[in-house]
Amino acid sequence: MLKLFNTLGRKKEEFKPIKVGEVGIYTCGPTVYNYAHIGNLRTYIFEDILKRIFLYNGFKVKHVMNITDVGHLTGDADSGVDKMLLAAQREGKTAWDVAKFYTDAFFRDMEKLNIIKADTVCNATQHIKEMIELIRRLEKKGITYAAGGNVYYDISKFKDYGKLALLKQDDLKAGARIDVDANKKNPYDFVLWFTKSKFGEQEMQWDSPWGRGYPGWHIECSAMSMKYLGEHFDIHCGGIDHIPIHHTNEIAQSEGATGKKWVNYWIHGEFLVLETGRMGKSLGNFITLQNLTDQGFDALDYRYMCLTAHYRKQLTFALDALEGAKNSLRRLREKYIEFRKETGKADEKKLKSYKEKFTDAVNDDLNMPQALAVVWEAVDDKNLNGAEKIAVLDDFDKVLGLRLSESKEENVELTGEAKKLVEEREKARKAKDWKKSDELRNKIESLGYELKDTPEGTKVKKK
Ligand code: AMP
Ligand code: ZN
């Protein structure tokens, strides 16, 4: 049984698909005005794990992800400035070039992190027609109003407004949210279509029944998810920051238009934070995957680090934690290489109990720390032979996505002192001078290396 924590209702629930054996998943994608930071990437890794768990359980997965290349302001509730325009000015490029550049960079990061690409990747700018149609549908139902040149969603016309974020109806009436937009009847109302742009230089504009302009940010996800997954689908994901505004408004738009339930399960990932506090693209204090690579880490070290924390727990990024993940992944790869060299056949019966334990962990609302514990239990199990361990690890890696089968022996290029000492030790070993050989081993190890004497000679690795 697969259980997931549903933000809608705030409890763990058994997953029941709309169509037997199939699952439709929509994940909010990046706003392509800058590189993704490792916080964003934590969310994409969690969503990838979720998708892989469905595949592991034999589901047919249909995954749709959007690319926000228009309409997203620095404040999620229509405040601030246009993110694409900001980037275009910063970089002296057109907004279209900015979008292309950061979309490409995003998919390079996805590939490095071994994140399976969505079956459908859809750009907001290519779905303006669908967004206009959806706004018209809302308009016909009397849920919108025009003011100051913009089209707004009137939340007082949607009785369930705020159900995902548990916003209280009384608070909504009192207008707890402060907004500077005097056109809004209620501070929680939001823009569906901007015509009187507050940004005169906005270059991304389209004709619409309400005049030339561009869409508000939230409408794209409603329009595109329903186009590709239908008006009722299984799962919608994102980071927790999206609960109170973006996803709340998406529900208002979709359910307001169709008059029926839109998404069954809302799954949200907690934030990655820095020791100094929140990280954000808008805050300008962010770390990219490239920053980590520049410091000698592999993208998959970061993936491993994310697996050590439950997706609904905040994770504090620290270099020593990443170092720890890197070492664990290296040890796992070394073990994998060792097991691969062993001969023997795998006994399916012995594998079964491990697969069950692993499945229990991942199916319990993505308990990846527990799943990793099962991985290490199998690695250290003296009752499993090499072939069995490889079979188990290959199976688990369908979910972990650590590319274990691509593990290669690390060749350390020795230089200077260490190189000299290793050569001396080789000589001592040939001369069967074990005392000297041991002394040299200690010296080499104190320089940060690990030695392993094998029939093919001595292998040296970094500790
Ligand atoms: P954005 O590109 O800003 O639209 O964000 C892309 C995804 O990253 C969204 O699902 C956000 O909820 C998520 N996100 C943003 N900041 C963080 C963070 N610090 N940790 C985890 N996820 C984040
Ligand atoms: Zn979205």
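What you see is a predicted model; the values in this text were computed from it and never measured. (Residues numbered from 1 in each chain as written. Chains lettered and ligands numbered in written order. Predicted model: local features only at pLDDT ≥ 70, side-chain atom pairs only at ≥ 80, totals over all residues. Heavy atoms only, no water.)

1. Focus: the overall build of the protein
Inclusion rule: The way it works is that DSSP assigns letters per residue, a run of H or I at least four long becomes a helix, a run of E at least two long becomes a strand, and they are numbered from the N terminus. Burial classification: accessible surface area is computed with a 1.4 Å probe over protein chains only, and a residue below 20% of its type maximum counts as buried, one above 50% as exposed, and the rest as partly exposed. Two residues form a contact once any of their heavy atoms are found within 4.5 Å. Note that accessible areas follow from Shrake-Rupley with a 1.4 Å probe, and for residues the cover is restricted to the protein chains shown. Neither His nor the chain ends contribute to the count of charged residues, in which Lys and Arg are positive and Asp and Glu negative. In this description, the location of a charge corresponds to atom NZ of lysine, CZ of arginine, CG of aspartate or CD of glutamate.
Each helix and strand in the protein was counted, giving 15 helices and 15 strands. Considered along the principal axes of its C-alpha atoms, the protein spans approximately 90 × 50 × 35 Å. When each of the 463 residues of the protein is scored for burial, the buried share is 55%. Considering only contacts within the protein whose residues lie at least 6 apart along the sequence, 75% involve residues at least 24 apart. By element, 50% of the accessible surface of the protein is carried by carbon and sulfur atoms, the whole surface being about 21,200 Å². When the 76 positive and 72 negative side-chain charges of the protein are each reduced to one mean point, those points stand 2 Å apart.

2. Considering the domain arrangement of the protein
Condition: The start and end points of each domain follow an automatic or database-based domain assignment.
Segmenting the protein into domains produces domain 1 (3-269), domain 2 (289-406) and domain 3 (416-462). Each of domain 1 and domain 3 has a C-alpha centre, and the two are 59 Å apart.

3. Topic: the coordination of the zinc ion (ligand 2)
Here is the rule we go by: Coordinating donors are taken to be N, O and S atoms lying within 2.8 Å of the metal, or within 3.2 Å when the metal is Na, K or Ca; because water is excluded from the atom set, some sites may appear incomplete. Geometry assignment treats four donors as tetrahedral when all angles are between 85 and 135 degrees, treats four as square planar and six as octahedral when opposite donors are over 155 degrees apart and all others between 65 and 115, and treats everything else as irregular.
For the zinc ion (ligand 2), the full set of protein donor atoms is Cys28 (SG), Cys221 (SG), His246 (NE2) and Glu250 (OE), and the range of their distances to it is 2.1 to 2.5 Å. Seen from the zinc ion (ligand 2), its four donor atoms lie at angles of 71 to 129°, and the figure they make is irregular. Given a relative accessible area of 0%, Glu250 falls into the buried group.

4. Quick word on the sheet that holds strand E9 (residues 214-215)
Here is the rule we go by: We call two strands paired when DSSP finds no fewer than two bridges between them. Lines fitted to C-alpha atoms define the axes here, with helix axes fitted over just the stretch in contact, and angles between the N-to-C directions of these axes take values from 0 to 180 degrees.
Taken in spatial order, the four strands make up an open sheet running E6-E7-E8-E9, and their pairing is antiparallel. Only two strands of the sheet have a single neighbouring strand rather than two, namely strand E6 (144-147) and E9. As defined by bridge partners, strand E8 (residues 190-194) adjoins E9 across two bridges and the pair is classed as antiparallel. The residue of E9 that forms the bridge with Trp193 is Pro215. The sheet contacts of helix H4 (residues 128-140) involve E6, strand E7 (150-153), E8 and E9, and relative to E8 the element is tilted by about 125°.

5. A few points about helix H14 (residues 416-430)
We count it as follows: Given the number of residues in a helix, its expected span is that number minus one, multiplied by 1.5 Å. When we speak of the arc, we mean the arc of directions from the helix axis to the C-beta atoms.
The end-to-end C-alpha separation of H14 is 22 Å, in line with the 21 Å expected for 15 residues at 1.5 Å each. Considered for burial, the residues of H14 that qualify are Ala418, Leu421, Val422, Arg425 and Ala428. The buried side chains of H14 occupy one side of the element, clustering within an arc of 120° when seen end-on. Opposite the buried face of H14, at more than 90 degrees from it, the exposed residues are Gly416, Lys427 and Lys430. Tucked inside the fold, the buried residues of H14 contact helix H15 (434-446), strand E14 (449-454) and strand E15 (457-462). Lys432 occupies a position one or two residues after H14 and carries a positive phi of about 55°.

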